[in-house]
Amino acid sequence: MARRAVTMTTAAAFTATAALLLTACGGGDESSPEDIKGAGGGSPSASASASGGAADVKRPDVSVPGDLKLVFDFEEPSDKDQAGALEDAANYIRALDHGIAQQDANDPAYKFYSTGGAEKYAKSQIEAWVKDGWTVTGEDRYFNADIESVGQGKSTLVTFCRNQAKFYSKKVKTGKINYTEENLDSYQKFSLLMSPSETSAAVWQARQIEVQGRVEECKG
């Protein structure tokens, strides 16, 4: 499976849409996601206790095979809510790859860290990899995180760049790796609308996701 680049609406437009959803729908969980076809990311594991006093919350396993390394080159915000939103945005990415590695489109990990459009996106991504008989390997790097408040509630827009130049697909049955050369397709920009879970304020969930492909600013 070749890595699939995507080009969505601009982050500014996504922010405006997210704010409108939050104002009109109380969180936007029922809105339909756009048909995004970007590749997922992975990581060895997530911290047992996340930011924002979430140590007492039982979190799902998001570990992945040892041949997959996910790097989050983020600076932790001093604000507790922003730190929690950023950490669980990373956990959403981890959970997506955990589902791919487990070859399970109904894996509970991504459902724990997402709802609405972001949950549907994760499910569709895992389904696509499983259907084609691929899993993930290599190294995936996320960096240049930015966090800003959206709307009048606690919802937060988390954006970051991705370099997937060393992130490859691998055939589940044969172990054959599909190596690709680094190019502009290797660079993407993610925008995640995050808000506290309805069941635990210590857990942040991704509600909507936008993935932009071939992002020159992330290459620099």
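Residues numbered from 1 in each chain as written. Predicted model: local features only at pLDDT ≥ 70, side-chain atom pairs only at ≥ 80, totals over all residues. Heavy atoms only, no water.

*Asks:* Is there a simple way to explain unusual backbone geometry in this structure?
*Replies:* A negative phi holds for most residues other than glycine; trans holds for most peptide bonds. In this model, Gln-103 sits at a positive phi of 55°, which is unusual for a non-glycine residue. Within the secondary structure, Gln-103 sits in the loop between α2 (80–102) and α3 (108–112). Positive phi, close to 55°, is recorded for Asn-144, a residue that is not glycine. By the element assignment, Asn-144 lies in strand β2 (residues 134–149). (Helix = DSSP H or I, 4+ residues; strand = E, 2+ residues; numbered from the N terminus.)

*Asks:* Before we go on, may I ask you to explain the state of the cysteines in this structure?
*Replies:* Disulfide: a covalent bond connecting the sulfur atoms of a pair of cysteines. A full pass over the atoms with the stated rule returns one disulfide. Across a sulfur-sulfur distance of 2.0 Å, Cys-161 and Cys-218 are joined as a disulfide pair. Taking the sign of the S-S torsion, about -75° here, the bridge from Cys-161 to Cys-218 comes out left-handed. Placement of Cys-161 in strand β3 (residues 156–163) and of Cys-218 in helix α5 (residues 216–219) is noted, with a sequence separation of 57 residues between them. Cys-218 matches Cys-161 in its accessibility class, with the two residues each being buried. (Disulfide = S-S within 2.5 Å. Buried < 20%, exposed > 50% of the residue type's maximum accessible area, 1.4 Å probe, protein only.)

*Asks:* Which parts of the structure should I look at to understand the confidence of the model for the protein?
*Replies:* Caution applies to low-pLDDT parts of the model: their predicted coordinates are not meant to be read in detail. The share of residues in the protein with pLDDT of 70 or more is 75%, and the mean pLDDT across the chain is 82. Confidence drops under pLDDT 50 across residues 1–13; counting only partners more than four residues distant or on other chains, this segment forms 49 contacts. Predicted confidence is poor over residues 15–54, with pLDDT under 50, and the contacts of this stretch with residues over four places away or in other chains come to 113 contacts. (pLDDT = per-residue confidence, 0-100. Contact = heavy atoms within 4.5 Å.)

*Asks:* So what exactly am I meant to see when it comes to the pattern of salt bridges here?
*Replies:* Any two side chains of opposite charge can pair if their charged atoms end up close together. With the rule as written, the count across this model stands at nine salt bridges. Of the charged contacts, one joins Asp-67 and Lys-170 as a salt bridge, the two residues approaching to 2.7 Å between their closest N and O atoms. Of this pair, Asp-67 sits in the loop between α1 (11–25) and β1 (68–73) while Lys-170 is found in strand β4 (residues 167–171), placing the two residues 103 residues apart along the sequence. Here Asp-67 falls in the partly exposed class, since its relative accessible area comes to 34%. Between Glu-127 and Lys-123 there is a salt bridge; the shortest N-O distance is 3.7 Å. Taken as a pair, Glu-127 and Lys-123 lie in helix α4 (residues 116–131) at a separation of four residues, close to a single helical turn. (Salt bridge = Lys/Arg side-chain N within 4 Å of Asp/Glu carboxyl O.)

*Asks:* I would appreciate a short explanation of the nonpolar core in the present structure.
*Replies:* Soluble, globular proteins show a tendency: their nonpolar side chains are buried together. Core analysis: the largest hydrophobic core is formed by 41 residues, its most contacted members being Tyr-92 and Phe-160. Put simply, the parts of the chain that give this core at least two residues each are β1, α2, α3, α4, β2, β3, β6 (187–196) and β7 (204–213). No other element matches the nine residues that α2 contributes to this core. Residue contacts for Phe-160: discarding those within four places in its chain leaves Phe-74, Ala-89, Ile-93, Tyr-142, Phe-143, Asn-144, Ala-145, Gln-188, Lys-189, Phe-190 and Leu-192. Grouped together as the second largest cluster of nonpolar side chains are five residues, Phe-143, Cys-161, Tyr-187 and Val-215 included. (Core = buried A, V, L, I, M, F, W, Y, C linked by side-chain atoms within 4.5 Å.)

*Asks:* Help me out: how do you make sense of the pairing of β2 in this one?
*Replies:* When a strand is regular, its side chains alternate between the sheet's two faces. Inspection of the sheet shows β1 paired to β2 by six bridges, in the parallel sense. The residue of β2 that forms the bridge with Leu-68 is Gly-138. Taken together, the five bridges between β2 and β4 define a ladder with antiparallel strand orientation. Residue pairing across strands places Gly-138 opposite Phe-167, the latter belonging to β4. With seven bridges connecting them, β2 and β3 associate as antiparallel partners. Across the sheet, the residue bridging to Arg-141 is Asn-163, located in β3. Between β2 and β3, which follow one another and run antiparallel, lie six residues, and Gly-151 among them has a positive phi close to 70°. (Pairing = 2+ DSSP bridges.)

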